Protein chains: 2
Amino acid sequence: MTTEATRDAPAQKPLRADAQRNRDKLVEVAAQMFASDGVDASLEEIARRAGVGIGTLYRHFPTREHLVEVVYRREVEGLCHAAAELARLHPADVALELWMQRFVDYIATKRGLATSLRLLLTTNSTLFSDTSGRVSGAMRGLIEAAAADGKIRADVDASDVMHALGGIYSAPNTPDWRERSGRLVKLLMDGLRFGAKG
Amino acid sequence: MTTEATRDAPAQKPLRADAQRNRDKLVEVAAQMFASDGVDASLEEIARRAGVGIGTLYRHFPTREHLVEVVYRREVEGLCHAAAELARLHPADVALELWMQRFVDYIATKRGLATSLRLLLTTNSTLFSDTSGRVSGAMRGLIEAAAADGKIRADVDASDVMHALGGIYSAPNTPDWRERSGRLVKLLMDGLRFGAKG
DNA sequence: TAAATAAACGGAGGCACCTCCGCTTTAGTG
DNA sequence: CACTAAAGCGGAGGTGCCTCCGTTTATTTA
């Protein structure tokens, strides 16, 4: 793995400076647009807001799916990075709780991308294993740290918690979805804290 | 959700004569176009060849998927109808053989529609159970009739034969696909005839 | 620093999608 | 029939997709 954060293909020939700049900008703008307008956001609008021509967008991302995939991977990357960051700045149990709240946001995005992602995840089989592996790895780290510090009970593991969060996926798309999920996270944390050091 | 469904077979409010005419023409033309150009055939071209405006096409089929679904159902319908027809006109074993040849054509169409169908079949779960049930039912009828007439061996059932035909799906998309499949059908028929009345 | 070269840019142009709404046709009714 | 309401029609027009290629720019070389 190279140290490049936003590169997706391994050992790619380095892009020219302007190309890299444009590419990053495109991904950033696309992430916003997909979040606000859904995956059907206009590619021409994305190019416009990124300050590049439509041709440039297409050179970097030959299809909409390519762009969606890169945005999604970036999202996962951010989520994992946040785990490390939160662990550094907060007590282990707080870090876990904050991270789970962020996880809710991530799921919300994923829902927005749902239609495209379903296709991508069946087509591009590495995408699923990659990302779900990374996400659950991040969660495992937080949980083990919190357990080691005696901040949460030690008799649960990451897969239990992931399973418990499963409700977030299946919850209907109501406007109060966000609050519901927030409560679910709190509830789960209470359960995890209860009996700590027991 | 009881309202809008595909209105072909069910007793929906009867369409005005001209509307029904246009609708039928559209489906017919679409079937040809999808077969020759794939599912991405231009809807405007379909409308044009059907001699109607694009607006008319969209009124009848709000999305491309609607149209694909109707065409596909029609294909299945035709296949099942052919089973009855062939059974009426030919000895049971010949009917079976001819039908399986037609089945090969059907698979070819299905392959053409593959991308769209995959989506449809996961989205619209009744579509799969409906159609696959009807097709295997038709095949079962032919096989049982042929077995009853002593034209083919009696120790196989429809699911065995369907399974044996499975190779047609998995065969690569080579230009000689059609001949290959034809030979597979013949081979299978020889196997079925061998030991008839035994 | 300047010239040479490869890499990247951008947007015009052509095609397809899909909506909207004024016009036409059909199917009743007297 | 003549008339009318409802059903249906159609295509202009606004938007997005994607390709192609002449122009611009970063990087390398001298």
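So, how was this worked out
Residues numbered from 1 in each chain as written. Chains lettered and ligands numbered in written order. Predicted model: local features only at pLDDT ≥ 70, side-chain atom pairs only at ≥ 80, totals over all residues. Helix = DSSP H or I, 4+ residues; strand = E, 2+ residues; numbered from the N terminus. Buried ≥ 20, exposed ≤ 12 C-beta atoms within 10 Å, placed from the backbone. Contact = placed C-beta atoms within 7 Å. Axes fitted to C-alpha atoms, helices over the stretch in contact; angles between N-to-C directions. Parallel < 35°, antiparallel > 145°, perpendicular 65-115°, else oblique. Left-handed = near helix turned anticlockwise from the far one by under 90°. Nonpolar A, V, L, I, M, F, W, Y, C, P; charged D, E, K, R; others polar. pLDDT = per-residue confidence, 0-100. Expected span 1.5 Å × (residues − 1). Arc of directions from axis to C-beta. Near = placed C-beta within 6 Å.

**Some points on the overall build of chain A**
- In terms of regular secondary structure, chain A is built from 9 helices and 0 strands.
- Beginning at the N terminus, the succession of helices and strands in chain A can be written as α-α-α-α-α-α-α-α-α.
- In chain A, which comprises 198 residues, the proportion classed as buried is 24%.
- In chain A, the share of contacts with a sequence separation of at least 24, taken over all contacts with a separation of at least 6, comes to 64%.

**Regarding the packing of helix α1 (residues 17-37) of chain A against helix α2 (residues 43-50) of chain A**
Residues and elements named next belong to chain A.
- Across the interface, α1 lies against α2 with an axial gap of 9 Å and an inter-helix angle of 125°. Accordingly, the angle class assigned to the pair α1 and α2 is oblique. In the crossing of α1 with α2, the sense of the turn from one axis to the other is right-handed. Of the residues in α2, those touching α1 at Lys25, Leu26, Val29, Ala30 and Met33 are Glu45, Ile46, Arg49 and Ala50.
- Here the residues of the contact of α1 with α2 are counted per class, giving 6 nonpolar, no polar and 3 charged.

**Examining the confidence of the model for chain A**
All names here are of chain A.
- Averaged over every residue, the pLDDT of chain A is 87; residues scoring 70 or more account for 92%.
- Averaged pLDDT values for the elements of chain A fall to 78 in helix α6 (residues 114-123) and rise to 98 in helix α3 (residues 54-60).
- pLDDT under 50 marks residues 1-10. Its contacts with residues more than four places away, or in other chains, come to 10 contacts.

**Points about helix α9 (residues 177-193) of chain A**
Residues and elements named next belong to chain A.
- The terminal C-alpha atoms of α9, which comprises 17 residues, lie 24 Å apart, in line with the 24 Å expected from a rise of 1.5 Å per residue.
- Among all positions in α9, only Ser181, Val185 and Leu192 are buried. Down the axis of α9, the sector holding all buried residues measures 45°, keeping them to one side. Seen from the open side of α9, the exposed residues pointing more than 90 degrees away from its buried face are Glu179, Arg183, Leu187 and Asp190.
- With its phi angle positive at about 85°, glycine 195 sits one or two positions after the end of α9.

**Here's the deal with the protein's contact with DNA strand C**
- Lining the immediate surroundings of DNA strand C are 21 residues, of which Asn22, Val52, Gly53 and Gly55 of chain A together with Ala17 of chain B lie closest.
- Among the secondary structure elements, those contributing two or more residues to the surface near DNA strand C are α1 and α3 of chain A together with α1 (17-37), α2 (43-50) and α3 (54-60) of chain B.
- With 4 residues, the top contributor of residues to the surface near DNA strand C is α3 of chain A.
- When the residues that make up the surface near DNA strand C are grouped by side-chain class, the tally is 8 nonpolar, 6 polar and 7 charged.

**Here we look at the environment of tyrosine 106 of chain B**
All names here are of chain B.
- Mapped onto the fold, tyrosine 106 is located in helix α5 (residues 92-112).
- Under the C-beta neighbour-count criterion, tyrosine 106 is labelled partly exposed, with 18 such atoms within 10 Å.
- Considered as a pair, tyrosine 106 and valine 76 are 30 residues apart in the sequence and their alpha carbons are 7.9 Å apart.
- Ignoring anything within four residues of it in the chain, the contact list for tyrosine 106 reads Glu75 and Leu79.

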